[in-house]
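# Examining the three-dimensional arrangement
Each chain, written out:
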Amino acid sequence: MMEEKNTENEKECLNNLSEDDHQKPALSKRQMKKAEKRRLWLETKSERRKEEKERRKRKMERIKEERGGFQESRSASRKRLKREQVKLSESACKVGVVFDMQFGELMHQRDLGKCIKQILRCYSQNRRLKAPLQMHMTSLRDSALQEMEKHNGYKAWDMHFHEDSFDQVLPKDSLVYLSGDSQNELETLENGKNYIIGGLVDHNNHKGICLRKAEELGIAHARLPIGKYVAMKTRHILAVNHVYEIMVQVTLEKTWKDAFFHVIPSRKGINNIENSSQAEETSENTQVKIEDIKNAESDNNGDQEKENNCDITKAFDS
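Conventions we followed
Residues numbered from 1 in each chain as written. Predicted model: local features only at pLDDT ≥ 70, side-chain atom pairs only at ≥ 80, totals over all residues. Heavy atoms only, no water. Helix = DSSP H or I, 4+ residues; strand = E, 2+ residues; numbered from the N terminus. Buried < 20%, exposed > 50% of the residue type's maximum accessible area, 1.4 Å probe, protein only. Contact = heavy atoms within 4.5 Å. Areas by Shrake-Rupley, 256 points an atom, 1.4 Å probe, with all protein chains shown as cover. Axes fitted to C-alpha atoms, helices over the stretch in contact; angles between N-to-C directions. Parallel < 35°, antiparallel > 145°, perpendicular 65-115°, else oblique. Left-handed = near helix turned anticlockwise from the far one by under 90°. 1 Å grid on protein atoms, 1.4 Å probe; cavity = no way out; pocket = protein on both sides within 12 Å on 5 of 7 lines; lining within 4 Å. Points joined across faces, edges and corners; volume = space filled by probe spheres on them. Nonpolar A, V, L, I, M, F, W, Y, C, P; charged D, E, K, R; others polar. Salt bridge = Lys/Arg side-chain N within 4 Å of Asp/Glu carboxyl O. Pairing = 2+ DSSP bridges. Right-handed = clockwise from strand over helix to strand, strands pointing away.

## Focus on the overall build of the protein chain
- Looking only at helices and strands, one finds twelve helices and eight strands in the protein chain.
- In the protein chain, which comprises 318 residues, the share counted as buried stands at 32%.
- Counting only contacts in the protein chain whose residues sit at least 6 apart along the sequence, the fraction spanning at least 24 positions is 72%.
- Per element, the accessible surface of the protein chain, about 22,200 Å² overall, is 48% carbon and sulfur.

Here it is as C-alpha cells:
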C-alpha cells in the first residue's frame, strides 16, 4: 500500500515539474543572442588564452632583441619602470586630463567596471611617458568609488583623486569639457588647461549630457576636430581611453590627423576625408546616371505608347 502511495506521489511530482517547464516563458530574440554569444565565448576561452600567451611570448622576444639578447623578468621590469617613472610634479607637460566620474549612477555595474578599466589603461600609459599629462579623477564617490576600490593600492598611484566635483577642485577658467555634441572645435592643447572627459562608456544612452553639464556650470566646452581631418562611418563618440590616447599623441607633437589614424580603431570606419568626398561624389554621379537611364526608359516607353495609340486610332478610322 505504501509503495503504491509513493509511486503516485512520484508521478504527481513529475507532472508538476513538466507543468513548470511548460510554464517557463520562452526567451526573447535578444536573450537568445546573448545566450549564444556567451556560449561561444566560453567555448573559445581556451583558444583565446593560447593566443594571449603567444602574443606575450612574441612581445618578450621582441623586447629581448631590442635589449641585445638580455631577457628581463617581470618583477625586474616593474622595478625599472618605477625607477624611470617621471612624477607628475616633475613633468614638463602641464596639460591636464580630468576623468569626471559623476555619472556612475547612470550606468550598470558592468559598464562602470568597463569605464574604470579604460581609465586604468590611461594611467598605465601615462606613467610610461617621459612627459606625462597631469591626471585627475573627480567625483570619486558612491558606486564609482566602490568599483575603484577593487583595485588595491590605487591611492598610491601618481594621480590626483578627488571626492569633489572638478569645478570645486580646479580653477574654473582652466576647464574645458570635451563633448562630441559641442559646436566648438578644439584647435590646440594648452599647458595649464584641464580637459575633462566624461566617465561614461561610448555606447551610453545619455546623448548630450556632458555638454549640458558644461553649460550648466558656465565652463568652456569643445569637441575633437575629427570631422575636419578624417571621415568616420560611425558617430564621433570615442571611448575614454581613445580620447586620452589622442591627447597624448598631440602632446607628442603629432598632427590631429596622424593622432586620429594612430588611435581610432579601424572598426569605426576611419578614412581620409578626401577619399570619402571622392567616394560620395562617385556615388552621387552613379545615382544621377541611374536616374537619367530611368528617365530615358520612361520617355521611350511613353513614345512607344503614343505610337501604339496612333496605330489603334488609324485602325478604327479605316
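Back to the write-up after that little detour.
## Notes on the packing of helix H10 (residues 240-251) against helix H11 (residues 256-263)
- Where H10 contacts H11, the axes come no closer than 9 Å and their chain directions differ by 140°. By the angle class used here, H10 and H11 are oblique. The two elements H10 and H11 cross, and the hand of that crossing is right-handed. For the pair H10 and H11, the contacting residues are His242, Glu245, Ile246, Gln249 and Val250 in the first and Trp256, Ala259, Phe260, His262 and Val263 in the second.

## Considering empty space enclosed by the protein
- Under the counting rule described, the total for this entry stands at one cavity of 30 Å³ or more.
- Lining the largest cavity are Gln85, Val86, Leu88, Tyr123, Asn126, Arg127, Pro132 and Asp158.
- Looking at the lining of the largest cavity residue by residue, the class counts come to four nonpolar, two polar and two charged.

## A word on the pattern of salt bridges
- The full count for this structure, using the stated rule, is eight salt bridges.
- Notably, a salt bridge pairs Lys150 with Glu147, separated by 3.2 Å at the nearest N-O pair.

## A few points about the pairing of strand S1 (residues 96-100)
- Counting buried positions along S1 yields five of five residues, so the element is predominantly enclosed.
- Where S1 lies against strand S2 (residues 134-138), five bridges are found, and the strand directions are parallel. For Phe99, the partnering residue across the bridge sits in S2 and is Met137.
- In this fold, the crossover linking S1 to S2 by way of helix H5 (residues 109-126) has right-handed handedness.
- Inspection of the sheet shows S1 paired to strand S5 (residues 194-198) by five bridges, in the parallel sense. In the strand pairing of S5, Gly96 is matched with Asn194.

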